[in-house]
Amino acid sequence: MHPFPSVAIVNETFRYALIILFCSAVGLIAVLANRLTERVKVPVPLLVLVGAAVAVHAVPAVQSPSEPTVERVITIALVLVLFEGGMHIGPSRFRAAAVPILSVGVVGTALTAAGAALMLHYGCGISWFPAVLVATAVAPTDPAVVFSVLGKREIRGRSSTILEGESGANDPVGISLMSSLIAAGGLSAAGFASVGTQFALQMAIGLAVGVVGGRALLIFMRRVALPSEGLYSLRTLASCLMLYGIATLAHGSGFLAVFVAGIVIGDARTPYKPEIKRFHAALAGLAEIVAFAVLGLTVDLNVLAHPGVWIPGLALGVALTLVIRPLAVGSCLVPVRLERNERIFVLVAGLKGAVPILLGEFLRAAHVADAERLYGIVVVVVIFSVLVQGGSVPGVARLLQLPMRTVETRPWEIGVRLADEPQGAHRFSVASGSAAEGCTVEGLGDRVGDIWVSIVVRTTGLVPVRGDTELQAGDEVVVLADPELHDTLAGLFGPP
């Protein structure tokens, strides 16, 4: 027992206050760093990762978290990121790019892992099993890094949807493959059979829980009223975490479950839907920063500086960027109808993020032979991908002349709250290449019938609605029409 209990309590209080101060300062710096990345084109996650790695190396008081703590924190962060990513895509965008998303996200990920394993084994002399483990770790991608370096510019067309959907699909794929490989403990005929069975089971259960759970959540959101506006967002948060738990306990992929559930509810009209989407977007952004900060605390700079780590990591990063991903993903996109510039951009924009480092952490937690070196190789690949490959993305986008638009923030809002769901009011965003793009308000009525376009919002502000008002890509449009015309209007405003 402490001889002076009151002093011990005060010391603990000051220590806890110091932790809160440090964490809040890091969070504030991360938020403000977004303004810096608009100029230097280095994504905030990389700055946070490097900053945390330097802090744990230079400041003795900063300690690396335990392996279970890292896995738990990153798991929650990924659940939030994947659920928000699914909501952002929604069923309409997913259906428009379902074939390339599934082929690139599943088959492309497996081919990328196979190519990386071959390179590590024959090019770097790493034994087959650790080579396959590292290759599986670096296969998943992270589109948030791509969009971070693009800043306020948004890519039009299907390439952005493919990149988002690919990451949502290959993150669960990579995690499930890594878990199955570690459980198998080696490469053998029996091991491959076990990995294949476990992988298929996790994917099937995760998909089923996501579809059924997403539909149940949608009914829950629409039919069960809550006493306070703030509770609606908390309900979806609790529900997505619950779906992860259900799928995982059923031996399925909880990450796939929450991603699919997010897609299911993405386009649906529910009470307080804009507030719910903003809440989850903010949570996902914070979760990504937290994930990179925690993962940065696990990085040993002394290990990264060893030639046996950074040379194979750099070689693998270059090979993935210039050879392996273009061949693997390019073969999956052969039957897909894409513009040439969009196809090339998908091939070069497969940047790595938090998931590869998490999978590298799995290797350390499983005490795989030479785990520290393998983990270091994974970290070097991610740093190369984000810094070099990510830094070139804006220039590549300009060189390919990708159709892009500048997205300005809209801090002011005009809205009307109603007690019941409006049956005749429809809100749409004019997609690039849609039938509504370039169409006048009068021409829209000629195509559909008896409708009334009441509000058109553009990046410049409210647009006066007249018969000759021409709609542009990115416009937010409120249409008053018969509820039965919703699907027809959605087809006009949606992507081709």
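Residues numbered from 1 in each chain as written. Predicted model: local features only at pLDDT ≥ 70, side-chain atom pairs only at ≥ 80, totals over all residues. Heavy atoms only, no water.

**Q** Before we move on, can you summarise the sheet that holds strand β3 (residues 425-429) with the specific residues and values?
**A** Here we have 4 strands laid out as an open sheet, ordered β3-β6-β4-β5, and antiparallel in their pairing. Edge positions in the sheet fall to β3 and β5 (461-462), since each of these pairs with one other strand and no more. As defined by bridge partners, strand β4 (residues 451-458) adjoins β5 across 2 bridges and the pair is classed as antiparallel. Bridge pairing links Val457 to Leu462 in β5. Each of β3 and β6 (476-481) is contacted by helix α18 (residues 486-493), which is oriented at about 15 degrees to β3, the strand it contacts most. (Pairing = 2+ DSSP bridges. Helix = DSSP H or I, 4+ residues; strand = E, 2+ residues; numbered from the N terminus. Contact = heavy atoms within 4.5 Å. Axes fitted to C-alpha atoms, helices over the stretch in contact; angles between N-to-C directions.)

**Q** Let's hear about the nonpolar core: which residues, and what values?
**A** Ile74, Phe83, Leu316, Leu333 and Phe345 are the most contacted members of the largest nonpolar core, which has 111 residues in total. It is helix α16 (residues 371-399) that provides the largest number of residues to this core, a total of 11 residues. Setting aside residues no more than four positions away along its own chain, Phe83 makes contact with Leu217, Thr236, Cys240, Val258, Ala261, Gly262, Ile265 and His280. Residues Val463, Ala481, Leu485 and Leu489 belong to the second largest nonpolar core, which totals 19 residues. (Core = buried A, V, L, I, M, F, W, Y, C linked by side-chain atoms within 4.5 Å. Buried < 20%, exposed > 50% of the residue type's maximum accessible area, 1.4 Å probe, protein only.)

**Q** Describe the packing of aromatic side chains, and please don't skip the residues or the numbers.
**A** The final tally for this structure, using the stated rule, is 4 aromatic pairs. Aromatic side chains Phe428 and Phe493 sit 4.9 Å apart centroid to centroid with 5 degrees between the ring planes, which places their arrangement in the stacked category. Placement of the pair is Phe428 in strand β3 and Phe493 in helix α18, with a sequence separation of 65 residues. A relative accessible area of 7% places Phe428 in the buried class. The ring of Phe220 has Arg235 sitting right over it, with the charged end atom 4.7 Å from the ring centre. Positioned over the ring face of Tyr375 is Arg364, at 4.6 Å from the centre of the ring. (Phe/Tyr/Trp six-rings, centres within 6.5 Å; stacked < 30°, edge-to-face > 60°. Lys NZ or Arg CZ within 6 Å of the ring centre and 35° of its normal.)

**Q** How would you sum up unusual backbone geometry? Please name residues and give values.
**A** Across the chain, the bulk of peptide bonds are trans and the bulk of non-glycine residues have phi less than zero. One non-glycine residue, His251, lies in the positive phi region at around 65 degrees. We classify His251 as exposed; its relative accessible area is 57%. You will see that Gln401, though not glycine, has its phi angle at about 55 degrees, which is positive. Assessed through its relative accessible area of 66%, Gln401 is described here as exposed.

**Q** An account of the packing of helix α4 (residues 98-124) against helix α5 (residues 128-138) is requested, with residue identities and associated values reported.
**A** For the pair α4 and α5, interaxial distance at closest approach is 8 Å and the crossing angle is 135 degrees. The orientation of α4 with respect to α5, classified from their angle, is oblique. The element α4 and its partner α5 pack so that their crossing is right-handed. Together, Ala113, Ala116, Ala117, Leu118, Leu120, His121 and Tyr122 of α4 and Trp128, Ala131, Val132, Val134, Ala135, Thr136 and Val138 of α5 make up the contact between the two elements. (Parallel < 35°, antiparallel > 145°, perpendicular 65-115°, else oblique. Left-handed = near helix turned anticlockwise from the far one by under 90°.)

**Q** Now, about the environment of Gly285: what can you tell me, with residues and values included?
**A** You can see Gly285 is positioned in helix α11 (residues 273-296). Residue class for Gly285 comes out partly exposed when judged on its relative accessible area of 36%. Sequence separation of Gly285 and Leu80 is 205 residues, and the distance between their C-alpha atoms is 9.0 Å.

**Q** Explain the environment of Ser434 residue by residue, including any values.
**A** Here Ser434 is to be found in the loop between β3 and α17 (441-448). Separated by 58 residues in sequence, Ser434 and Leu492 place their C-alpha atoms 6.1 Å apart. Once residues lying within four places of it in the same chain are set aside, the contact partners of Ser434 are Leu492, Phe493, Gly494 and Pro496.

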